[in-house]
Amino acid sequence: MSYSYTLWFAFFGLLIGHAPGAITGAIVGFIFDNLRHTQRKNATPEAGGFIGPLFTLLGAVAKSDGRVSEAEIAIAERMMARMNLDADQRKQAAASFNAGKQPEFDVTRTINELRGWVGMRRDHAFPVLDVVIDTVLAEGNPAPEKMAILRQLAFALRVSEMELMALMAMKGYAWNGGGQRGYSRGTGYGSSGNYVPPQRTAQGPDPYAVLGIDRSADDRAVKRAYRKLISEHHPDRLGDLPEDMRKRAESRASEINAAYDRIKEQRGFK
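The structure displayed is predicted, hence computed values, not measured ones. (Residues numbered from 1 in each chain as written. Predicted model: local features only at pLDDT ≥ 70, side-chain atom pairs only at ≥ 80, totals over all residues. Heavy atoms only, no water.)

To continue, consider the pattern of salt bridges. One pass over the full model with this rule turns up 11 salt bridges. Here R67 and E139 are joined by a salt bridge, their closest N and O atoms 3.2 Å apart. Taken together, the positions of R67 in the loop between helix 2 (51-63) and helix 3 (70-82) and E139 in the loop between helix 6 (122-136) and helix 7 (144-156) put the pair 72 residues apart, joining distant regions of the chain. In this structure R67 comes out as partly exposed when scored by relative accessible area, which is 48%. (Salt bridge = Lys/Arg side-chain N within 4 Å of Asp/Glu carboxyl O. Helix = DSSP H or I, 4+ residues; strand = E, 2+ residues; numbered from the N terminus. Buried < 20%, exposed > 50% of the residue type's maximum accessible area, 1.4 Å probe, protein only.)

Right under this line is the structure:
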């Protein structure tokens, strides 16, 4: 539990009313700290509550283009192993994956379940998206049906298209919205209306895309984007999520740091 309000109120109370003011301020601050702690605790997703809807959505993504490939099945199986699921959880995950493959499956309902599990925890939204992106990209440049589900999920989890593009950039894929300038208004369709899938980049992740900013951004905007991202993707914020998801967060944090270092080197600032 953080005691920042307690300390701040005690400090201001000391300035205003000396020792009695500090005591009163500390009491008021402690009440605020306790309320904030309770709110955060209530907002923390239930451990393991994501397994069913997540694997259901992976099955739906895999089947969305008409067939489920061996690569997509392998990703689901590796995910079960990396999450250290026990026998019952594996059965649940496998059954959920198969349910998602069924014709006329309701993707929206499952996305709403994941949104309910994530709640207001944006730091939990990114690991979920990271897993789904792996399935979307399992066969390389993804079909439009896969991207449509991914974008629907991102929207439901309050993750912007720019942030989604940054997540894909970290995996070495450029998605510029069909050639539009910058990374903020991507639609995935070119000027002719034809679908333009994310493309693997031979030269590695674009550092500006990773930070979700335009190349014209000034140094202050670069630093601000970096601080925001590194805070949201820090693995220490993930609580009791599986170790694999923590490792994914560590990998994203490493990509963010590497992108920031490249931009600093190019621009010559510290």
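Attention shifts here to the environment of A26. Within the secondary structure, A26 is located in helix 1 (residues 4-43). Residues A26 and F9, spaced 17 residues apart in sequence, show a C-alpha to C-alpha distance of 5.6 Å. Non-local contacts of A26, meaning those with residues more than four positions away in its chain, are made with T6, F9 and A10. (Contact = heavy atoms within 4.5 Å.)

Attention now goes to the nonpolar core. Of all hydrophobic cores here, the largest spans 65 residues; its most connected members are L54, F55, L57, V132, L150, L153 and L211. Sequence-distant contacts of L54, defined by excluding residues within four places in its chain, comprise M83, L114, V128, V131, V132 and M245. (Core = buried A, V, L, I, M, F, W, Y, C linked by side-chain atoms within 4.5 Å.)

Angle between the axes and distance between the axes: these two values describe a pair of packed helices. At a closest axis distance of 9 Å, the pairing of helix 5 (residues 107-118) and helix 7 adopts a crossing angle of 35°. When you trace helix 5 past helix 7, the crossing you get is right-handed. Residue-level inspection shows V107, T108, I111, L114 and R115 of helix 5 in contact with helix 7, the latter providing I149, Q152, L153 and A156. A class-by-class count of the residues in the contact of helix 5 with helix 7 yields 6 nonpolar, 2 polar and 1 charged. (Axes fitted to C-alpha atoms, helices over the stretch in contact; angles between N-to-C directions. Left-handed = near helix turned anticlockwise from the far one by under 90°. Nonpolar A, V, L, I, M, F, W, Y, C, P; charged D, E, K, R; others polar.)

With that settled, the discussion passes to the packing of aromatic side chains. Per the stated rule, a full pass over the model turns up 2 aromatic pairs. Between F50 and W117 the ring centres are 5.0 Å apart and the planes differ by 50°, which places this aromatic pair in the tilted class. Of this pair, F50 sits in the loop between helix 1 and helix 2 while W117 sits in helix 5, and the two are 67 residues apart along the sequence. Each member of the pair, F50 as well as W117, carries the same accessibility label: buried. (Phe/Tyr/Trp six-rings, centres within 6.5 Å; stacked < 30°, edge-to-face > 60°.)

Let's shift gears to the layout of surface pockets. Any empty space left between the atoms is revealed when a probe the size of a water molecule rolls over them. Size it by volume and the second largest pocket reaches roughly 150 Å³. If you go around the second largest pocket, the residues you meet are D130, L167, M170, K171, K247, R248, S251, R252 and E255. Residue assignment for the lining of the second largest pocket shows that the elements contributing at least two residues are helix 8 (161-170) and helix 11 (243-267). The element that contributes the greatest number of residues to the lining of the second largest pocket is helix 11, accounting for 5 residues. Class assignment for the residues of the lining of the second largest pocket results in 2 nonpolar, 1 polar and 6 charged. (1 Å grid on protein atoms, 1.4 Å probe; cavity = no way out; pocket = protein on both sides within 12 Å on 5 of 7 lines; lining within 4 Å. Points joined across faces, edges and corners; volume = space filled by probe spheres on them.)

With that settled, the discussion passes to unusual backbone geometry. Look at N84: it is not a glycine, yet its phi comes out positive at around 55°. Take N84: its relative accessible area is 60%, and that puts it in the exposed class. Positive phi, normally seen in glycine, also occurs at R158, with a value near 60°. Of note, R158 is situated in the loop between helix 7 and helix 8.

The next thing to look at is the packing of helix 2 against helix 5. Running from N to C, helix 2 and helix 5 point in directions that differ by 145°, and their axes come no closer than 9 Å. Crossing hand, helix 2 versus helix 5: left-handed. On helix 5, the residues that touch P53, L54, T56, L57 and A60 of helix 2 are V107, T110, I111, E113 and L114. Residues of the contact of helix 2 with helix 5, tallied by class, amount to 7 nonpolar, 2 polar and 1 charged.

Let us now look at the environment of E255. Within the element layout of this structure, E255 appears in helix 11. Spatially, the C-alpha atom of E255 lies 9.8 Å from that of L167, the residues being 88 residues apart in sequence. Residue contacts for E255: discarding those within four places in its chain leaves M170, P205 and V210.

With 14 residues, helix 10 (residues 219-232) extends 20 Å between its outermost C-alpha atoms, agreeing within 8% with the 20 Å of an ideal straight helix rising 1.5 Å per residue. Within the sequence span of helix 10, burial applies to A221, V222, A225, Y226, L229, I230 and E232. The buried residues of helix 10 occupy one face: seen down the axis, they fall within an arc of 160°. Residues of helix 10 that are exposed and angled more than 90 degrees away from the buried face: R220 and R227. The elements touched by buried residues of helix 10 are helix 6, helix 8, helix 9 (207-211) and helix 11. (Expected span 1.5 Å × (residues − 1). Arc of directions from axis to C-beta.)

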